[in-house]
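Here are the chains, one letter per residue:
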Amino acid sequence: MATVTLKNLKKIYDNKVTAVHDVNLEIADKEFIVLVGPSGCGKSTTLRMVAGLEEISEGELYIGDRLVNDVAPKDRDIAMVFQNYALYPHMTVRDNMAFALKLKKVPKAEIDKKVEEAAEILGITQYLDRKPKALSGGQRQRVAIGRAIVREPKVFLMDEPLSNLDAKLRNQMRAEIIKLRKRIDTTFMYVTHDQTEAMTLGDRIVIMKDGFVNQIGTPQELFNCPVNLFVAGFIGTPQMNFFNDAKLIVKQGKYYAQIKGTDFELSDLHQKALRANNQQPCDIVAGIRPEHVTLGAGGLSANVEVCEMMGSSLHLHTDCNGDEVVLVVSTVGIDQGLVDGSTKTVHFTFPADLLQLFDKQTGNNLVWFDPESAAANAPVCKKF
């Protein structure tokens, strides 16, 4: 098994376009790390540099203690699972899984043993003598993963392996990957644009945008402590609600968030962080997650525009004086007027200690943004 270290890794293409900017990342032995972000953010390019499929323009890449910038992909002791499976159509499942071992001239008995063990782990033993065209998408992806397992690499690289599958199969395969990780217990780098995959699979998540790392942290850290507006809006379904015309004010020595004319006294943690930063009153963007908004008298009011029935919950899309606010409301004991659309106005509130406060100019979180880690191109949330 092995650690993977990326030091100031950069990718510049011939047309002078920089696809990846100074990525710094330490992946521990046996850690499952997920790179996530929108299309074109540089996550797959970063993975391909680790695999050796893209040349590193600047920086250093270590697998274990070995610098591998100029090491051929076949000599890096990694295995990669691609989005499109990349199986040989004329070979059986067994031969596909055994192919890399045959090239290394591994004894046949050992090959057979490894293939059988991998097939059993993945539940594809009954398909070993079939060809890929006779398999479903999920079965083909299992074969592609099995082909990687038999090599017993130091590092597994997975580039959006579930994106070609339908929603139900994707959920099943996600559970299979979690089980697989527990059984083979090695180092994983996994790329996806699906934040649900990232949150459920990763020990830590790297969020990228436009070639830059925006935040590195555990799923809970990213959800609770986003360092900027992009991370806050990217993580969470439905995405975080933002009040774009909020203000940070001070009354009698305490900080308040002023939202739509209502003052919310901030929590002790907010007070401590803002004082530590010597934060002055300013215009802010205030954020609150839909799950944290509750209906009730007083508070803020909004006009209901769309109601989405989700079974156990109702998603209310409302207009709160120019800002879209989504409320996630349980359907247990719900007001029937919300379901049939006859209720046009709702009142809501939320706990002030769950508010996120973002600088309107920079987009950085006034509580959690750590300028020192951001300067080192490995942004993590500030601790208090």
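Residue numbers restart at each chain and count upward from 1, following the sequence in its written direction. For a predicted model such as this one, the threshold for reporting local features is a pLDDT of at least 70, and the threshold for listing and counting side-chain atom pairs is 80 or more; totals across whole chains, interfaces and linings nevertheless cover every residue. Water and hydrogen atoms play no part in the side-chain values, which are based on all heavy atoms of the structure.

1. What to know about the overall build of the chain
Right, so step 1: Put simply, DSSP H or I for four residues or longer makes a helix, DSSP E for two residues or longer makes a strand, and each gets a number counted from the N terminus. In terms of regular secondary structure, the chain is built from 11 helices and 19 strands.
Right, so step 2: Its C-alpha atoms give the chain principal-axis dimensions of roughly 75 × 50 × 40 Å.
Right, so step 3: Only protein chains enter the accessibility calculation, which uses a 1.4 Å probe; a residue is then buried when its area is under 20% of its type maximum, exposed when over 50%, and partly exposed in between. Residue burial in the chain is summarised as follows: out of 384 residues, 51% are buried.
Right, so step 4: Any two residues whose heavy atoms approach within 4.5 Å at even a single point are treated as in contact. Put simply, of all contacts in the chain between residues at least 6 apart along the chain, 66% involve residues at least 24 apart.
Right, so step 5: By element, 49% of the accessible surface of the chain is carried by carbon and sulfur atoms, the whole surface being about 17,700 Å².
Right, so step 6: Distance between charge centroids for the chain: 6 Å, based on 45 positive and 48 negative side chains. For the accessible areas, the method is Shrake-Rupley and the probe is 1.4 Å, while residue cover comes only from the protein chains on display. Neither His nor the chain ends contribute to the count of charged residues, in which Lys and Arg are positive and Asp and Glu negative. The atoms used to mark charge sites are NZ of Lys, CZ of Arg, CG of Asp and CD of Glu.

2. As for the sheet that holds strand β4 (residues 58–63)
Right, so step 1: Across the sheet, which stays open at both edges, the 4 strands sit in the order β2-β1-β4-β5 with antiparallel pairing between neighbours. The open sheet has two edge strands with one neighbour each: β2 (18–27) and β5 (66–67).
Right, so step 2: If DSSP finds at least two bridges between two strands, the strands pair. Bridge count for β4 against β5 is 2 bridges, and the pairing is antiparallel. Bridge pairing links Ile 63 to Arg 66 in β5.

3. Points about unusual backbone geometry
Right, so step 1: Across the junction of Thr 237 and Pro 238, the peptide omega takes the value -10 degrees, indicating a cis bond.
Right, so step 2: The topology assignment puts Pro 238 in the loop between α8 (229–234) and β11 (241–251).
Right, so step 3: The backbone of Glu 152 sits at a positive phi, close to 50 degrees, despite the residue not being glycine.
Right, so step 4: One can find Glu 152 in the loop between α4 (137–149) and β7 (155–159).
Right, so step 5: Glu 152 gets classed as exposed once you look at its relative accessible area, which sits at 53%.
Right, so step 6: Within the chain, Glu 160 stands out as a residue other than glycine whose phi angle is a positive 45 degrees.
Right, so step 7: Mapping Glu 160 onto the fold places it in the loop between β7 and α5 (167–184).

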